[in-house]
Amino acid sequence: MQRVHHIGIAVENLETAVATYQAFLDDVEIEYEEVPSQKVKVAVIPLGDSRLEFLQPTSPDSPIAGFIEKRGQGIQHICIEVNDINEALKKLEEKGYKLIDKEPREGAMGMKIAFVHPKSTGGVLLELSQKK
Ligand code: ZN
């Protein structure tokens, strides 16, 4: 199965961002987590089979802080869940895609993740993920 696992949104403040969406969503259970490797705090709003992932930087040298400084708050990446992330990365590398991560690493929500550079994907930072 391949699907949009989540949409990543860079925000300055998780609570404010989450409240904005809670205003029109019914009965959402928000999960909070911190991902030290990416220097972010994360809030996840489940939406059916997919999710919104809000990312707030915890340090000025977080990639999310850099994104907000350059482009402002907003959609930062799209995550596609694949069955086999190693195979997907191998395929992309063979086809000449520019990979940010050649090996999967630990992501939020207990997933293995890897990023593909927006230069290879029509300007979209693409996250691939696989359940562990
Ligand atoms: Zn993500």
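Residues numbered from 1 in each chain as written. Predicted model: local features only at pLDDT ≥ 70, side-chain atom pairs only at ≥ 80, totals over all residues. Heavy atoms only, no water.

A. Highlighting the overall build of the protein chain. For the protein chain, the count of helices and strands is three helices and eight strands. When the helices and strands of the protein chain are listed from N to C terminus, the series reads β-α-β-β-β-α-β-α-β-β-β. Radius of gyration (C-alpha) of the protein chain: 15 Å, near the 14 Å computed for a compact globule of 132 residues. The dimensions of the protein chain, computed from C-alpha atoms along their principal axes, are 45 × 30 × 25 Å. The 132 residues of the protein chain split such that 44% are buried. Looking at the protein chain alone, contacts between residues at least 24 apart form 53% of all its contacts between residues at least 6 apart. Only carbon and sulfur atoms are counted for the fraction: they give 50% of the accessible area of the protein chain, which is about 7,600 Å². Separation of charge centres in the protein chain, based on 16 positive and 21 negative side chains, amounts to 8 Å. (Helix = DSSP H or I, 4+ residues; strand = E, 2+ residues; numbered from the N terminus. Rg over C-alpha atoms; globule rule 2.2 N^0.38 Å. Buried < 20%, exposed > 50% of the residue type's maximum accessible area, 1.4 Å probe, protein only. Contact = heavy atoms within 4.5 Å. Areas by Shrake-Rupley, 256 points an atom, 1.4 Å probe, with all protein chains shown as cover. Lys, Arg positive; Asp, Glu negative; His and termini not counted. Charge placed at Lys NZ, Arg CZ, Asp CG, Glu CD.)

B. Quick look at the sheet that holds strand β2 (residues 31-35). Here eight strands make up an open sheet; going across it, the order is β2-β3-β4-β1-β5-β8-β7-β6 and the pairing mixed. The open sheet is flanked by β2 and β6 (105-106), the only strands paired with a single partner. Here five bridges tie β2 to strand β3 (residues 40-47), and the two strands are oriented antiparallel to one another. By the bridge assignment for β3, E34 is matched with K41. Helix-sheet contacts for helix α1 (residues 14-22) involve β1 (3-10), β2, β3 and β4 (50-57), and the interaxial angle to β4 is about 155 degrees. Contacting β7 (111-116) and β8 (126-131), helix α3 (residues 85-94) runs over the sheet at an angle of about 150 degrees to β8. (Pairing = 2+ DSSP bridges. Axes fitted to C-alpha atoms, helices over the stretch in contact; angles between N-to-C directions.)

C. Main features of the nonpolar core. Core analysis: the largest hydrophobic core is formed by 11 residues, namely I9, V11, L14, A17, V18, V28, I30, A43, I45, L52 and F54. Where this core is concerned, the elements lending two or more residues are α1, β3 and β4. Examining the composition of this core, we find that three residues originate from one element, α1, more than from any other. Dropping the residues within four chain positions of it, I9 is found in contact with Y21, L52, E53, F54, L55, G74, I75 and Q76. (Core = buried A, V, L, I, M, F, W, Y, C linked by side-chain atoms within 4.5 Å.)

D. Just the coordination of the zinc ion, in detail. Protein-derived ligands of the zinc ion are H6 (NE2), E53 (OE), H77 (NE2) and E127 (OE), with the metal-ligand distances lying across 2.0 to 2.3 Å. Ordering the donors of the zinc ion by residue number gives the pattern H-x46-E-x23-H-x49-E. Of this pair, E53 sits in strand β4 while H77 sits in strand β5 (residues 74-81), placing them 24 residues apart in sequence. Accessibility assignment for this pair places E53 and H77 in one class, buried. (Donors = N, O, S within 2.8 Å, 3.2 Å for Na, K, Ca; no water.)

From the geometry alone we can't say anything about function, so treat these as descriptive.
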